[in-house]
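So the chains spell out like this:
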Amino acid sequence: ADPDALKPPKVRPSGIVAFDRAQPFGAVEVGAKVIWGGEPSAGKSRFLLKLARGYAEQGNDVAYLLGEMSPRAMLRRLLLMQSGLGNEALQNPREGDEARLQAAKQWLQDGAERLRFLSGPLTLEAVGKVAKLATVVVVDPLQAVRVENREYRHDELEALMQGVKDISLEHGTTFHCASEIAKGEPGRRHVHEWFKGSSSILQYSDAVYFIHKNEGGL
């Protein structure tokens, strides 16, 4: 009975052309819940930071919720990503580095209202409050968010994912969530067993990605 039921959904482009083109409708849908896993040091947080920057540059209000790293550390990462420089440039800038760092700092100041880094305590209630103000929310990692009155971690994860689903439906917020991975070698298991708390996480997700380490990087 809904005349719009079969029309393509509303999407939220990230500005990362290769990623957006890989999506069924040219970008991730508004309100989608995307889960990212990855081997240690595979670059999961780096790619999520790149996504957050891209969404902000497209005019979205982005909230990056940090369960492990500090906001200042992520801000430094973003500064270096924007300038195209390495960590050594902050300590001992070479000729030409200062100009690139200054340009990146100005970019950060100009976009300060579009991309915010927030740290704990991370709760489902806090996620809901942030989602009222941000069109894109990045959670890194998902397992750092706590749900009250849940004795067992599995039950807590399921309640968390149910809550994220409800929040995305209510506000149209797009979620990109990093997930800790299960023990063992991912290549020897099905993708549904790669994430810590897989059954709870995947049941409420729209898409899952797994970043592997390789010699060429991401």
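Note that this is a predicted model, so its numbers are computed, not measured.

Draft legend 1. Fine view of the packing of aromatic side chains. This model, assessed by the stated rule, comprises six aromatic pairs. Ring geometry for phenylalanine 19 against tryptophan 36: centres 5.8 Å apart, planes inclined by 40°, an arrangement best described as tilted. With phenylalanine 19 in helix H1 (residues 17-21) and tryptophan 36 in strand E3 (residues 33-38), the pair connects residues that are 17 residues apart, well separated along the chain. The class of phenylalanine 19 is buried, set by a relative accessible area of 7%. Note on tryptophan 36: relative accessible area 5%, which makes it buried.

Draft legend 2. Expanded view of the pairing of strand E4 (residues 62-66). When you tally the buried positions in E4, you get five out of five residues, the bulk of the element. Burial along E4 is two-sided: Val62, Tyr64 and Leu66 and Ala63 and Leu65, pointing in opposite directions, are all buried. Summarising the sheet, E4 and strand E6 (residues 136-140) pair through five bridges and their orientation is parallel. The residue of E6 that forms the bridge with leucine 66 is aspartate 140.

Draft legend 3. Structural detail: the pattern of salt bridges. If you walk through the whole model with that rule in mind, you get seven salt bridges. For the salt bridge of aspartate 4 with lysine 7, the shortest nitrogen-to-oxygen distance reads 2.9 Å. For aspartate 4, a relative accessible area of 43% corresponds to the partly exposed category. On the basis of relative accessibility, which here comes to 53%, the residue lysine 7 falls in the exposed class.

Draft legend 4. The arrangement of helix H5 (residues 97-110) in detail. Helix length check: H5, at 14 residues, gives a terminal C-alpha distance of 20 Å against a target of 20 Å (1.5 Å per residue), a fit within 8%. Taken residue by residue, H5 has Asp97, Leu101, Ala104 and Leu108 as its buried positions. In an axial view of H5, the angular spread of the buried residues amounts to 65°, which keeps them on one side of the axis. Looking at H5, the residues exposed on the side facing more than 90 degrees away from the buried face are Glu98, Ala99, Ala103, Gln109 and Asp110. Against the buried residues of H5 lie helix H3 (71-83) and helix H4 (88-91).

Draft legend 5. Expanded view of the sheet that holds strand E7 (residues 174-178). The strand order across the open sheet formed by six strands is E5-E4-E6-E7-E3-E8, and the pairing between neighbours is parallel. This sheet does not close on itself; its edge strands, each paired only once, are strand E5 (115-119) and strand E8 (207-211). Direction aside, neighbouring strands of the sheet carry axes that sit 15° apart on average. In terms of strand pairing, E3 meets E7 through four bridges, oriented parallel. Bridge assignment links tryptophan 36 to a residue of E7, and that residue is alanine 178. Relative to the sheet, H3 contacts E4 and E5, its axis offset from that of E5 by approximately 150°. Contacting E4, E5, E6 and E7, helix H6 (residues 124-131) runs over the sheet at an angle of about 165° to E4.

Draft legend 6. A look at the side chain of lysine 44. The topology assignment puts lysine 44 in helix H2 (residues 44-57). Buried and without a salt bridge, lysine 44 has aspartate 140 as its closest oppositely charged side chain, separated by 5.7 Å. When sequence neighbours within four positions are dropped, the list of residues in contact with lysine 44 reads Trp36, Gly37, Gly38, Ala178, Ser179 and Ile211.

Definitions and limits used
- Residues numbered from 1 in each chain as written.
- Predicted model: local features only at pLDDT ≥ 70, side-chain atom pairs only at ≥ 80, totals over all residues.
- Heavy atoms only, no water.
- Phe/Tyr/Trp six-rings, centres within 6.5 Å; stacked < 30°, edge-to-face > 60°.
- Helix = DSSP H or I, 4+ residues; strand = E, 2+ residues; numbered from the N terminus.
- Buried < 20%, exposed > 50% of the residue type's maximum accessible area, 1.4 Å probe, protein only.
- Pairing = 2+ DSSP bridges.
- Salt bridge = Lys/Arg side-chain N within 4 Å of Asp/Glu carboxyl O.
- Expected span 1.5 Å × (residues − 1).
- Arc of directions from axis to C-beta.
- Contact = heavy atoms within 4.5 Å.
- Axes fitted to C-alpha atoms, helices over the stretch in contact; angles between N-to-C directions.
- Lys, Arg positive; Asp, Glu negative; His and termini not counted.

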